[in-house]
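Structural characterization, general
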Amino acid sequence: MLKKLYDWIDERLEVTPMWRDIADHEVPEHVNPAHHFSAFVYCFGGLTFFIILIQFLSGMFLTLYYVPDIENAWKSVYYLQNEVAFGKIVRAMHHWGASLALVMMFLHMLRVYFQGAYKKPRELNWIIGVLLFIIMLAFGFTGYLLPWDMKAVMATKVGLQIAEQSPLIGGVLKTLLSGDPTIIGALTLTRFFAIHVFFLPAALIGLLVLHFYMIRKQGISGPL
């Protein structure tokens, strides 16, 4: 039954040739599992992408229960963590996955830097990688406020004060993020939620597509 359904779809969309084009892509010899250390460091990028996928899936689950409102944000998080089946586990995955994604992305960038894989013809891909790292930091900053507890509010105040010190655009940037130049309130929470679940994911997906396209186009860089 499933085979017939797949053949029916494949006949119309030609899924198999597209899949073969991806799956049959040759991996350089120095990434061979027999070369343990080299193969290990080349996994950092793939592991980072895997963690990002977990972040997307766990985040989608969390949004089913989260209420981006100053009266109910903390209550919804408390309900999710204490009443929803497996809610505590999923929230923990999302919480610790955010830190792990940054660590793995940093290790991936270290590998690229020390290997010199940022040099010609891969300079643009390095720039995209840096932008991806900045976006992941922005995910952490905007997501930290969403539980709406005292620790989150105070940390966000410090973050907004740092943003305000940016040359030329500091004041505008703080107002853009907080919605109000004087207080952190309902508008701040709404904006942080919108940035966290709409704007940043859209930017992340777009840059990841470019990143993978360039890797496929230029190939994997040489050994250490």
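Remember, it's a predicted structure, so these values are computed and weren't measured experimentally. (Residues numbered from 1 in each chain as written. Predicted model: local features only at pLDDT ≥ 70, side-chain atom pairs only at ≥ 80, totals over all residues. Heavy atoms only, no water.)

**Observations concerning the packing of helix H7 (residues 123-145) against helix H8 (residues 150-164)**
The interhelical angle for the contact between H7 and H8, taken along N-to-C directions, is 135 degrees, at an axis separation of 8 Å. Relative to H8, the element H7 lies oblique. Contacts between H7 and H8 involve Phe141, Tyr144 and Leu145 from the former and Lys151, Ala152, Val153, Ala155, Thr156, Gly159 and Leu160 from the latter. Tallied by class, the residues present in the contact of H7 with H8 amount to 7 nonpolar, 2 polar and 1 charged. (Axes fitted to C-alpha atoms, helices over the stretch in contact; angles between N-to-C directions. Helix = DSSP H or I, 4+ residues; strand = E, 2+ residues; numbered from the N terminus. Parallel < 35°, antiparallel > 145°, perpendicular 65-115°, else oblique. Contact = heavy atoms within 4.5 Å. Nonpolar A, V, L, I, M, F, W, Y, C, P; charged D, E, K, R; others polar.)

**A few points about the nonpolar core**
Tyr66, Met105, Leu132, Met136, Trp148, Leu189 and Leu204 are the most contacted members of the largest nonpolar core, which has 34 residues in total. Elements that contribute at least two residues to this core include exactly helix H4 (44-63), helix H5 (73-82), helix H6 (87-115), H7, H8 and helix H10 (186-218). In terms of residues, this core owes the most to one element, H10, which gives 9 residues. Discounting residues that sit within four places of it in the chain, Leu132 has contacts with Met105, Leu204, Leu207, Leu208 and His211. (Core = buried A, V, L, I, M, F, W, Y, C linked by side-chain atoms within 4.5 Å. Buried < 20%, exposed > 50% of the residue type's maximum accessible area, 1.4 Å probe, protein only.)

**Details of the confidence of the model for the chain**
Close reading of the predicted structure is inappropriate where its pLDDT is low. When pLDDT is averaged across the chain, the result is 90; 92% of the residues are at 70 or more. Put simply, helix H3 (residues 36-41) is where the chain has its lowest mean pLDDT, 70, and H7 is where it has its highest, 97. (pLDDT = per-residue confidence, 0-100.)

**Examining unusual backbone geometry**
Of the consecutive residues Lys120 and Pro121, the connecting peptide bond is found in the cis state with omega at 10 degrees. With respect to the element layout, Pro121 can be found in the loop between H6 and H7. The phi torsion at Glu14 lies on the positive side, around 55 degrees, for a residue other than glycine. Here Glu14 lies in the loop between helix H1 (2-13) and helix H2 (15-23). Even without a glycine there, the phi angle at Leu168 is positive, about 70 degrees. By secondary structure assignment, the location of Leu168 is in the loop between H8 and helix H9 (170-178). Assessed through its relative accessible area of 88%, Leu168 is described here as exposed.

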